[in-house]
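# An overview of the molecular structure
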Amino acid sequence: MSDRGGSRLPGVGDEREERIVLHVDMDCFYAACERLREPDLRGEPVVVGMGYEEGENHGAVATASYEAREYGVESAQAIGSALERLPRKAEGDSTDSSGADSEDGADGEDEADVAGYYRPVDIEFYKSVSTDVRAILHDCADTVREVSIDEAYLDVTERTAWEVAEGFARHVKNRIEREVGVTASVGVAPNMSAAKIASDHDKPDGLVVVEPGTTRDFLAPLDVAEIHGIGPVTARTLREMGIETAGDLADADPRTLVDRFGERGRELYHRARGDDERRVTPTGRPKSLSRESAFTDPTTDPEEKCARVSTLAAAVAERARDRDAMYRTIGVKVVTPPFDVHTREQSLPGPVDDPELVEEVALDLLAEFDDDRVRKVGVRVSNLQFTESDQTSLDGFDAPSGTGESRTADSSDSADDPKSSAEAADDGEKTDEGVHRTSRKRDGQVSLSDF
Ligand code: TTP
Ligand code: MG
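Calculation notes
- Residues numbered from 1 in each chain as written.
- Chains lettered and ligands numbered in written order.
- Predicted model: local features only at pLDDT ≥ 70, side-chain atom pairs only at ≥ 80, totals over all residues.
- Heavy atoms only, no water.
- Pairing = 2+ DSSP bridges.
- Helix = DSSP H or I, 4+ residues; strand = E, 2+ residues; numbered from the N terminus.
- Axes fitted to C-alpha atoms, helices over the stretch in contact; angles between N-to-C directions.
- Contact = heavy atoms within 4.5 Å.
- UniProt positions renumbered as here; feature names shortened; annotations may be inferred.
- Buried < 20%, exposed > 50% of the residue type's maximum accessible area, 1.4 Å probe, protein only.
- Polar contact = N/O pair within 3.5 Å; in protein donor to acceptor, adjacent residues only side chain to side chain.
- Donors = N, O, S within 2.8 Å, 3.2 Å for Na, K, Ca; no water.
- Tetrahedral: all angles 85-135°; square planar, octahedral: opposite > 155°, others 65-115°.
- Near = heavy atom within 4 Å.
- Areas by Shrake-Rupley, 256 points an atom, 1.4 Å probe, with all protein chains shown as cover.
- Domains from an automatic or database assignment.

### Quick word on the sheet that holds strand E2 (residues 46-50)
Strands pair in a sheet through their backbones, by hydrogen bonds, and they do so in one of two ways: parallel or antiparallel. Taken together, the three strands give an open sheet; going across it, the order is E3-E2-E4, and neighbouring strands pair in mixed fashion. Strands with a single pairing partner mark the edges of an open sheet, and in this sheet they are strand E3 (60-64) and strand E4 (117-120). Averaged over all pairs of adjacent strands, the angle between strand axes in this sheet comes to 35°, irrespective of strand direction. Where E2 and E4 come together, four bridges link them in parallel fashion. Note that in E4 the partner of Gly49 across the bridge is Pro120. Sitting on the sheet, helix H2 (residues 29-37) is in contact with E2, E3 and E4, with an inclination near 115° to E2.

Dropping the structure here:
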């Protein structure tokens, strides 16, 4: 099927088999975000409603925590139906306990426990959390395709090897959990569609690796509906044709499928066989490069802060050089407890590639915070100008050098993901906010070492 390479020997000349693709999908994302700022919700059934208002019955379920799913609550359900399955928890001073009859809960629960926390969607907050997650993804991979607020593909072929791909993926997962506080499920496979199925295979907190050469076997027992691109209608038609599993589909006669579904039938046939030659194409060229690092304990020690900023400055400058990027603006970010983000930056007369200057300017900007207790510092270069077209093959997504829109925190195909505060900072604004927002860490070295 591959028109690339000639040999089918594993790892030899077959580019398709060599790719290492990660699909990262956050677990019950909106609910996880709510838990982040309301830790009491951990381990509890949580329902996040779109168009929902506290104490009301209208709106639809955007997502439900896995605990709430136990009661039959699911995305797109009317809040009224969700409340029938999982009554609202009576909470202190604010919410009522309407419908708090708990007899239809899951087995073995105390009556008092059979109730859930209902929260309205707060998309701005979820975007800020998504920005933090994306920063880690960009730090871990050179090629990141953000497909929604909680989902991305990474091509990490250049960063790792199949022998250690599982450890690499675990590292990505652990970083997200440790640094952001939400869990992701990750699928690793030689192509995008298998990676997506793999990330969904063991949710939540899953990690499933599909080694090259095993994709077809991995897919075979799965229901056809799990194949990307097969919705309920197609699945029903396939079942009527006696095709229940991906294995059945892989063994079907492609001509019959084309007769029934047109060329799409052939595509589904290939997907079921684990053939998917799409490359992970990034959602954009960076508008800035940054790196940041949290102190284990907040510190006031100027030397400690300076040392950290120097290290970060060197890392950022090196990354810019790797990317053939010159920069005209150098900035620092300082986070003081609890989550107050301060950014300062300085623009130069023209674009430079000058690691020493990055350090010098960054330390200069940091001096303002000498007396402050600091929990995190970051260094960023922006106003980038690319001296070489290092992503020529991907330029369909890019504006000309220096004006390319950053997709580091933005997804090009996610209309509900406008610029976050971190992005605003990239536009030269100074942010000084009392919310938990961090700019991205999008550069990173092969070692993936955490600062
Ligand atoms: P999903 O990744 O589909 O769902 P999820 O992250 O909540 O749960 P899972 O663990 O199964 O991945 O969607 C991501 C977010 O998008 C989700 O948290 C809420 C939002 N969303 C809606 O608003 N409406 C919907 O119908 C769906 C499916 C998701
Ligand atoms: Mg998700």
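### A word on the UniProt feature "active site" (unreviewed entry) in the protein chain
The feature "active site" (unreviewed entry), as given by UniProt, occupies Glu151 in the numbering adopted here. Of note, Glu151 is situated in strand E6 (residues 151-155). Residue classification places Glu151 among the buried positions, given a relative accessible area of 15%. One polar contact links Glu151 to His23, side chain to side chain, over a distance of 3.0 Å.

### Looking at the UniProt feature "binding site: Mg(2+)" (unreviewed entry) in the protein chain
UniProt tags Asp25 and Asp150 as "binding site: Mg(2+)" (unreviewed entry). Spatial clustering of the annotated residues is evident: they stretch over 126 residues in sequence, but the largest pairwise C-alpha distance comes to 5.7 Å. Checked against the element boundaries, Asp25 lands in strand E1 (residues 21-26). Sequence-distant contacts of Asp25, defined by excluding residues within four places in its chain, comprise Asp150, Glu151, Ala184, Ser185, Ser199 and Lys203. Mapped onto the elements of the fold, Asp150 is located in the loop between strand E5 (143-148) and E6. You can call Asp150 buried: its relative accessible area is 16%. If we skip the residues at most four places from it in the chain, Asp150 touches Val24, Asp25, Met26 and Phe29.

### A word on the coordination of the magnesium ion (ligand 2)
The protein atoms donating to the magnesium ion (ligand 2) are Asp25 (OD), Met26 (O) and Asp150 (OD), with metal-donor distances spanning 2.0 to 2.2 Å. For the magnesium ion (ligand 2), the six donor atoms in the first shell make angles of 83 to 175° at the metal, a pattern classed as octahedral.

### Looking at the site of ligand 1
Ligand 1 sits among 14 residues. The nearest are Cys28, Thr63, Tyr66, Arg69 and Asp150. Met26 is positioned such that a nitrogen or oxygen atom in its backbone is 3.0 Å from an oxygen atom of ligand 1. Between ligand 1 and Arg69 there is a distance of 2.9 Å, counted from an oxygen atom to a side-chain nitrogen or oxygen. When ligand 1 sits alone it has 550 Å² of accessible area, and the protein chains cover 71% of it. Residue assignment for the shell around ligand 1 shows that the elements contributing at least two residues are E1, H2, E3 and helix H3 (66-69). Looking at the shell around ligand 1, you find at least three residues from each of domain 1 (7-28 + 126-272) and domain 2 (29-120).

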